[in-house]
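For reference, the chains in residue letters:
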Amino acid sequence: MTARHVCALVLLVVGTGVLLLSAVGLVALPRPFQRLHALTPASTVGGPLVAFALAVETGPGRAAVKLLVIAVIVAFGGAVTAMAIGRATAQHEHLLRKDSPE
Amino acid sequence: MNAWLLATAVLLTLGMPPCVWAAGRGSAVERLAGLNLATTVVTVVLLLTAQGFDRSSFADLGLVLAVLGPAGTLVFARFLGGRSIEAPDTRRTHGKA
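Here is a short report on the structure shown in this document. (Residues numbered from 1 in each chain as written. Chains lettered and ligands numbered in written order. Predicted model: local features only at pLDDT ≥ 70, side-chain atom pairs only at ≥ 80, totals over all residues. Heavy atoms only, no water.)

**What to know about the interface of chain A and chain B**
Logical step 1: Contact with chain A, which involves 45 residues of that partner, is made by 48 residues of chain B.
Logical step 2: Roughly 3900 Å² is buried in total at the junction of chain A and chain B, and carbon and sulfur atoms are behind 76% of that figure.
Logical step 3: The interface formed by chain A and chain B holds two salt bridges in total.
Logical step 4: Across the salt bridge formed by Arg35(A) and Glu30(B), the nearest N and O atoms sit 3.7 Å from each other.
Logical step 5: Mapped by element, the contributors of at least two residues to the side of chain A that touches chain B are α1 (3-28), α2 (32-58) and α3 (62-92) of chain A. (Contact = heavy atoms within 4.5 Å. Buried area = accessible area lost by both parts, 1.4 Å probe. Salt bridge = Lys/Arg side-chain N within 4 Å of Asp/Glu carboxyl O. Helix = DSSP H or I, 4+ residues; strand = E, 2+ residues; numbered from the N terminus.)

This is how it looks when you write it as structure tokens:
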């Protein structure tokens, strides 16, 4: 078991743990705005950490670069969708004015 | 079974049921949170499966889902939010609107 494999396993365990905590938080948190707090750690920390673990295990090369690109896409997409869901929830709760900027 | 397939099994058995539960109850806007987290979990599961079975082509599925998942959630959020704000206000109005 090389040091690279150990590093990949540590990243994998941490990323999987964050994803599981987010899933538990999605059920445990009662209010819609509180549930948004469970979304962002999964997409900005958990998913990229697992992708980093896979990239470390794969080693330098084109496959690792693809995994890192996927990690970046997941992180950005998760942040953007969390903001969109927050805005949709605010509109649903009538917390925004009709003429508020897009 | 290697560590990658073990992580896949853990995510599918412990991570997905809360997402399905959250996506199946509440109002339409509240279900979006479950849908978004399920997209992230499935993307990670596809990547882990590619490594676990040593089939690098499976990672392409994860890449496609990572691109299309947020796009779908954005479309849903746009539609649901716009529909909500045009509906008649039956709740107490917050602030001075």
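Still more to cover.
**Re the nonpolar core**
Logical step 1: One finds Leu11(B), Leu37(B), Val41(B) and Leu48(B) to be the most contacted residues of the largest nonpolar core, which totals 44 residues.
Logical step 2: Broken down by element, the residue count for this core peaks at 11 residues, all from helix α2 (residues 28-52) of chain B.
Logical step 3: Not counting residues within four places of it along the chain, the set of residues in contact with Leu11(B) comprises Thr16(A), Leu19(A), Leu20(A), Met16(B), Val41(B), Val44(B), Val45(B) and Leu48(B). (Core = buried A, V, L, I, M, F, W, Y, C linked by side-chain atoms within 4.5 Å. Buried < 20%, exposed > 50% of the residue type's maximum accessible area, 1.4 Å probe, protein only.)

**Quick word on α1(A)**
Logical step 1: Helix length check: α1(A) (26 residues) gives 37 Å between terminal C-alpha atoms against 38 Å at 1.5 Å per residue, within 8%.
Logical step 2: All of the buried residues along α1(A) are Ala8(A), Leu12(A), Gly15(A), Thr16(A), Val18(A), Leu19(A), Leu20(A), Ser22(A), Ala23(A), Gly25(A) and Leu26(A).
Logical step 3: Lining the buried residues of α1(A) we find α2 of chain A together with α1 (3-23) and α2 of chain B. (Expected span 1.5 Å × (residues − 1).)

**Quick look at the pattern of salt bridges**
Logical step 1: What the rule picks out here adds up to three salt bridges over all chains.
Logical step 2: Residue Arg31(A) is joined to Glu93(A) by a salt bridge in which the shortest nitrogen-to-oxygen separation is 4.0 Å. Here Arg31(A), found in the loop between α1 and α2, pairs with Glu93(A), found in the segment after α3; they are 62 residues apart in sequence, far enough to count as distant.
Logical step 3: A relative accessible area of 44% means that Arg31(A) is categorised as partly exposed.
Logical step 4: By relative accessible area, Glu93(A) is classed as buried at 11%.
Logical step 5: Notably, a salt bridge pairs Asp60(B) with Lys66(A), separated by 2.6 Å at the nearest N-O pair.

**Observations concerning the side chain of Thr73(B)**
Logical step 1: The residue Thr73(B) is located in helix α3 (residues 58-86) in this model.
Logical step 2: Residue class for Thr73(B) comes out buried when judged on its relative accessible area of 2%.
Logical step 3: When residues no more than four places from it in sequence are discounted, the contact partners of Thr73(B) are Thr81(A), Ile85(A), Leu32(B) and Asn36(B).

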